[in-house]
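Residues per chain are reported as follows:
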Number of protein chains: 4
Amino acid sequence: MAMTGVLRPGHAQVRVLNLEESVRFYRDVLGLVETGRDAQGRVYFKCWDERDHSSYVIREADSAGLDFFAFKVLDKATLEKLDADLQAYGLKTERIPAGEMLATGERVRFELPSGHLMELYAEKTAVGNGLGVVNPAPWGREREHGIGPVRLDHALLYGPNVAEVQKIFTEVLGFYLVERVLTPDGENNAAIWLSCSHKVHDIAFAEYPEKGKLHHCSFLMETWEQVLRAGDIMSMNKVAVDIGPTRHGVTRGCTIYAWDPSGNRFETFMGGYQPYPDNTEPLTWTFDNFGQGLDYPQRKLHETFLTVVT
Amino acid sequence: MAMTGVLRPGHAQVRVLNLEESVRFYRDVLGLVETGRDAQGRVYFKCWDERDHSSYVIREADSAGLDFFAFKVLDKATLEKLDADLQAYGLKTERIPAGEMLATGERVRFELPSGHLMELYAEKTAVGNGLGVVNPAPWGREREHGIGPVRLDHALLYGPNVAEVQKIFTEVLGFYLVERVLTPDGENNAAIWLSCSHKVHDIAFAEYPEKGKLHHCSFLMETWEQVLRAGDIMSMNKVAVDIGPTRHGVTRGCTIYAWDPSGNRFETFMGGYQPYPDNTEPLTWTFDNFGQGLDYPQRKLHETFLTVVT
Amino acid sequence: MAMTGVLRPGHAQVRVLNLEESVRFYRDVLGLVETGRDAQGRVYFKCWDERDHSSYVIREADSAGLDFFAFKVLDKATLEKLDADLQAYGLKTERIPAGEMLATGERVRFELPSGHLMELYAEKTAVGNGLGVVNPAPWGREREHGIGPVRLDHALLYGPNVAEVQKIFTEVLGFYLVERVLTPDGENNAAIWLSCSHKVHDIAFAEYPEKGKLHHCSFLMETWEQVLRAGDIMSMNKVAVDIGPTRHGVTRGCTIYAWDPSGNRFETFMGGYQPYPDNTEPLTWTFDNFGQGLDYPQRKLHETFLTVVT
Amino acid sequence: MAMTGVLRPGHAQVRVLNLEESVRFYRDVLGLVETGRDAQGRVYFKCWDERDHSSYVIREADSAGLDFFAFKVLDKATLEKLDADLQAYGLKTERIPAGEMLATGERVRFELPSGHLMELYAEKTAVGNGLGVVNPAPWGREREHGIGPVRLDHALLYGPNVAEVQKIFTEVLGFYLVERVLTPDGENNAAIWLSCSHKVHDIAFAEYPEKGKLHHCSFLMETWEQVLRAGDIMSMNKVAVDIGPTRHGVTRGCTIYAWDPSGNRFETFMGGYQPYPDNTEPLTWTFDNFGQGLDYPQRKLHETFLTVVT
């Protein structure tokens, strides 16, 4: 197999302050497809072009933030092997039984030194993208309901011990470092962008004193014009926009950052280039140039990017 | 590693009828970057955003067509293993020594039952994309020299025994089937699109009585607007256009097919979706619907697509 | 006034073979807004971003084609003056009373030497684009219902005596010649593009032996991406596409030509440049280069363009 | 004539602090075409797709700002008539002889109550866009030199007495009001967008205590993707960006505001809709909603927009 091990971001579970308001936001404004609710009261969503049952799950809570972020792995054998590898590396893992989440097989959960709960799983029921598999149209009505991203693309997480996190992702989970921002003294990485594919990132981390913080979950848009449309829809719905539309220097991707009704930041993202793991030389941003890394046209290190998390 | 085995299309070697005319075409019209010439008279090119030394090589010959198409694999151990796997499968492999092509390590060559020579290699000198690795700009002047694709994306090859070719790619080389066109009787695959990544295709084959034929090499464009610009530049330079600009139903990608001065078809391509190997259900096009698979707006099975190859 | 006289294309009345099938096509596939039906059985449509009541009217008949094409003029005084000017030029004019068409004031009708009925009018009830006039959103839901063009942009009409038609438009109606295609002998204009604004054309004519023929009515799209989306929607609805998506050399505009269910060609068009009437030097296409004028990337003079009209 | 009177913005003359630095900026970064220098040391530029000799003229001075802004009128008779009309209205006009500016005929100059010098002229030598007038390509190399706007589109000027300025433009010069922002009390217009065409604005004014201030000259881009490219080029050249890329609610246009090396703001602008003078109901923005009028996605009234002028 040429794509093995960890395949891609699978699901994120995010806490919201008001469930029904959030359902309306994620379904009608962001334009995710609601695919189920469970006995715990969680609501499950997928992006229209995703095949698996769900990629974004919300639950009502007293504070916003991320419960856990999961990756789908190739198969059950891979799941077993990665569990063993994580344990061999010295991490404690936990098994969450199949069915604890709707349409989802057994999960292996572990905590990163950054305080984030990660999960791996091999099975999630395929529900398709609504276009069928024989002579399919390129898209359907759901693409134009709300912002309509095609995929959960990645997440950026804030917490301590980023160097240790990097080791786990690169040495155990098979990711590679695509880009990084140096600390002001140039000695360490203030932020890292990691890929398990040829995407510019499947997950990213930034050094932050508090554990387990969510900076944003990112949803993939197809074009720069769709990012503009996303911004229009945000404004029509009085969504609080943080940054953008603009281009990141880091990843070259184009973006709008905004906040859901509970204050969880999300991103509508497109573009970037195609890195491959044979490139062992990550792109490096010096801290004094990170302004252009964040907002390339404006070359501006927006304060909120550094400080507002859930 | 999450990306292992075969990583991506690495290089294609194509025969042209007039070397200098072809150099002008590939350098100034298609906008590849010339990176070297060797003692055999071959001219080496890369796309501007590729990091390795070269991806497209031309040599002068009496007839147009493809000499060989190569994939880069993760590392030398992978190369050894795949060589052994190919032999174990019953294919004869040949070693081409490092340095036979400029800046390129040892290659493992084998012939497919379709009559195409394939190569695997693990090493090619990185020359970068000219933007540096510290605080890089998102693009530079080379992007706008000629059509300016970012990558060699894939090739479509015509020949016999596509079912056997599919077995080799999926059972030995770790590819998976993304889409296929059925034969008119629905019993077999007339054409197959194979991926070793989350691209909609890294290589494709169509059943054809004659061995070893090139349908097209495909170059990746970033946007639909860049495909329009490609069409403008083709016309300004009197390039013979075959089909497009249009959208394929197959892969959802957008395209122009055109011919180089020697009659080798090439494609300027963008878009498509992101498949993953956990999807074991390829998209299927019935033969009577392949018109929309080829040219989605026009729903038209252009005769040249089926018959003109080099 | 800086914009005086004839302002823009106002309405086209087109014959269809089956009214309800055509209503479904124009409303749900092309995405026009149905704004009324009258006692004669005519159905009125507007594009979503048009402010006036209607711009495209269909009626059931035994043969497809154009009944008449109308321009809105600045005001009633202009209407009177242009009527007098047309008569002074030697054309017979007819008054159609206000209210004969829904929401439309008195019309001045005259026949061109090409056999087409033209109309001028000064009044049509404004119904708005649904966004209001105070703090309006940039677009609303109607933009994404069907193809969703923003305006009736122009028409291309086929008939004899194009030179005489040109004189009427330029000497009486205040249009100017923007582009033209020469006849094969270079002595006359085979086709002319005329503007009363800074659009590349408000109306166009091509020499054709038969009188009063409709080549196409054109609907304005905002972007090249929207043209691609138009092509997708055409294919999803099995609309017969003629040419495109592609760029015209003439006008530089981007296009898809397709046919409505009755065989009336229409265009989804975008782009072009901004001509002004102080430019007295029209762009000229020699007949042997008209292939690139029609289809710039393909440089191809599609046979249907020259021969299929209603 | 359907387009009569004032046709379009013709030229702006802007003061810069360092001539050669500014020439490099306007020629190589903004990508204007330098078309001449005169005995006074002024440097003349045009956008690549403009036909007339020049549209943007810079001269070295101790302070940045606008010397004058001019409109091209249809012909000499129009120039005479508008001069007489302006005088009849009570404005003093001055004749600047032909040849005082390179390639430019006689100009009629007058001062607005806002303190801005306006000019009208009927003649400027046509130099073409370099593509010829027979079988022209849709664009050429100059389009991709620097940012490469197609036209000088409009200017926004800050000064007192906007209500009086509006009267002059609408009652004497034939413009019409397209959009406006109300003052906080809703009694007056804080800003007005005026058109002499079917552009969303040919000139705009905002109430400001100081006379004769330049907010920005605006250059027309063809697409949203070209606006992104403009932002990239700004950053590559360390141009100070003010706002954007974003969409304006006012005009629906897309924009980046940035500053030239002397602090003169300029805009790279695209889009908007097509207003016509038969629409007597301008779009109105209440002051509390002007944030979305300026920056639609962010709904934010950037402080610099209100306060930084030259």
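Residues numbered from 1 in each chain as written. Chains lettered and ligands numbered in written order. Predicted model: local features only at pLDDT ≥ 70, side-chain atom pairs only at ≥ 80, totals over all residues. Heavy atoms only, no water.

1. Considering the overall build of chain A
Here comes step 1: Of the regular secondary structure elements, chain A holds six helices and 17 strands.
Here comes step 2: Whereas a compact globule of 310 residues would reach a radius of gyration of roughly 19 Å, chain A reaches 18 Å, a difference of no more than 12%.
Here comes step 3: Overall, the C-alpha framework of chain A stretches about 50 × 45 × 45 Å when taken along its three principal axes.
Here comes step 4: Going through the 310 residues of chain A one by one, you find that 69% of them count as buried.
Here comes step 5: Within chain A, contacts between residues at least 6 apart in sequence are counted, and of these 67% link residues at least 24 apart.
Here comes step 6: Here chain A holds 32 positive side-chain charges and 43 negative ones, and the gap between their average locations is 3 Å. (Helix = DSSP H or I, 4+ residues; strand = E, 2+ residues; numbered from the N terminus. Rg over C-alpha atoms; globule rule 2.2 N^0.38 Å. Buried < 20%, exposed > 50% of the residue type's maximum accessible area, 1.4 Å probe, protein only. Contact = heavy atoms within 4.5 Å. Lys, Arg positive; Asp, Glu negative; His and termini not counted. Charge placed at Lys NZ, Arg CZ, Asp CG, Glu CD.)

2. Looking at the packing of helix 4 (residues 224–236) of chain A against helix 4 (residues 224–236) of chain D
Here comes step 1: Where helix 4 of chain A meets helix 4 of chain D, the axes come as close as 9 Å, and the angle between the chain directions of the two elements is 95°. The angle between helix 4 of chain A and helix 4 of chain D falls in the class roughly perpendicular. Contacts between helix 4 of chain A and helix 4 of chain D involve Trp224, Glu225 and Leu228 of chain A from the former and Trp224, Glu225 and Leu228 of chain D from the latter.
Here comes step 2: Taken together, the residues of the contact of helix 4 of chain A with helix 4 of chain D break down into four nonpolar, no polar and two charged. (Axes fitted to C-alpha atoms, helices over the stretch in contact; angles between N-to-C directions. Parallel < 35°, antiparallel > 145°, perpendicular 65-115°, else oblique. Nonpolar A, V, L, I, M, F, W, Y, C, P; charged D, E, K, R; others polar.)

3. What to know about the sheet that holds strand 3 (residues 43–46) of chain A
All names here are of chain A.
Here comes step 1: Taking strand neighbours across the sheet as the criterion, the eight strands line up as 2-3-4-1-5-8-7-6 in an open arrangement whose pairing is mixed. Two strands in the sheet have a free side with no partner beyond their single neighbour: strand 2 (33–37) and strand 6 (93–96). Across the sheet, the mean angle from the axis of one strand to that of its neighbour is 25°, orientation sign disregarded.
Here comes step 2: Bridge count between strand 3 and strand 4 (residues 56–60): three bridges; the pairing is antiparallel. Opposite Tyr44, over in strand 4, you have Val57 as the bridge partner.
Here comes step 3: Contacts between helix 1 (residues 19–29) and the sheet are confined to strand 1 (6–16), strand 2, strand 3 and strand 4, with strand 4 contributing the most and set at about 160° to the helix. (Pairing = 2+ DSSP bridges.)

4. Side note on the interface of chain A and chain C
Here comes step 1: Across the boundary between the two partners, chain A contributes 12 residues, which contact 12 residues of chain C.
Here comes step 2: Summing both sides of the interface, chain A and chain C together bury roughly 990 Å²; the carbon and sulfur share of this comes to 50%.
Here comes step 3: Of all residues in chain A, Trp139, Glu225 and Met236 of chain A give up the largest surface area on contact with chain C, accounting jointly for 50% of the area buried on that side.
Here comes step 4: The interface formed by chain A and chain C contains two salt bridges.
Here comes step 5: Taking the shortest distance from any N to any O, the salt bridge between Arg229 of chain C and Glu144 of chain A comes out at 2.5 Å. (Buried area = accessible area lost by both parts, 1.4 Å probe. Salt bridge = Lys/Arg side-chain N within 4 Å of Asp/Glu carboxyl O.)

5. Let's talk about the state of the cysteines
Here comes step 1: On inspection of all chains with the given rule, the structure shows zero disulfides over all chains.
Here comes step 2: Note on Cys196 of chain B: no disulfide assigned, nearest cysteine sulfur contributed by Cys196 of chain A at a separation of 15 Å.
Here comes step 3: Classification of Cys196 of chain B by relative accessible area gives buried; the value is 1%. (Disulfide = S-S within 2.5 Å.)

6. Observations regarding helix 4 (residues 224–236) of chain C
Residues and elements named next belong to chain C.
Here comes step 1: Its 13 residues give helix 4 an end-to-end C-alpha distance of 19 Å, which sits within 8% of 18 Å, the value for a rise of 1.5 Å per residue.
Here comes step 2: Counting buried residues in helix 4 gives 12 out of 13 residues, a clear majority hidden from the surface.
Here comes step 3: Restricting attention to buried positions, one finds in helix 4 the residues Trp224, Glu225, Gln226, Val227, Leu228, Arg229, Ala230, Gly231, Asp232, Ile233, Met234 and Ser235.
Here comes step 4: Positive backbone phi, at 55°, marks Lys238, one or two positions downstream of helix 4. (Expected span 1.5 Å × (residues − 1).)

7. A short note on the domain arrangement of chain A
Residue and element names in this part refer to chain A.
Here comes step 1: Assigned domains of chain A: these are domain 1 (6–143) and domain 2 (149–307).
Here comes step 2: Computed over C-alpha atoms only, the centres of domain 1 and domain 2 are separated by 20 Å.
Here comes step 3: If you look at the interface, domain 1 gives 45 residues, while domain 2 gives 43 residues.
Here comes step 4: Of the roughly 3,500 Å² buried where domain 1 meets domain 2, counting both sides, 71% is carbon and sulfur surface.
Here comes step 5: Joining domain 1 to domain 2, the criterion identifies one salt bridge.
Here comes step 6: Between Glu222 and Arg143 there is a salt bridge, with its nearest N and O atoms 3.6 Å apart.
Here comes step 7: Counting the contacts that link domain 1 with domain 2 gives nine residue pairs in polar contact (both at pLDDT 80 or more).
Here comes step 8: Per-element tally for the side of domain 1 that touches domain 2: the top contributor is strand 1, with 10 residues.
Here comes step 9: Grouping the amino acids of the side of domain 1 that touches domain 2 by side-chain chemistry returns 28 nonpolar, nine polar and eight charged. (Domains from an automatic or database assignment. Polar contact = N/O pair within 3.5 Å; in protein donor to acceptor, adjacent residues only side chain to side chain.)

8. Quick notes on the relation of the copies chain A and chain C
Here comes step 1: If you rotate chain A by 180° and push it 0.0 Å along the axis, it lands on chain C with an RMSD of 0.0 Å. The superposition operator between the copies reduces to a two-fold rotation axis.
Here comes step 2: Comparing interface residues between copies, 100% of those in chain A also lie at the interface in chain C; the contact surface is shared. (Least-squares fit on C-alpha atoms with pLDDT ≥ 70 in both.)

9. Some words on the pairing of strand 1 (residues 6–16) of chain C
All names here are of chain C.
Here comes step 1: Counting buried residues in strand 1 gives 11 out of 11 residues, a clear majority hidden from the surface.
Here comes step 2: Note that strand 1 and strand 5 (residues 65–73) share eight bridges and pair antiparallel. Paired with Pro9 across the two strands is Phe71, which belongs to strand 5.
Here comes step 3: Where strand 1 and strand 4 (residues 56–60) come together, five bridges link them in parallel fashion. Counted as the bridge partner of Arg15 is Arg59 from strand 4.

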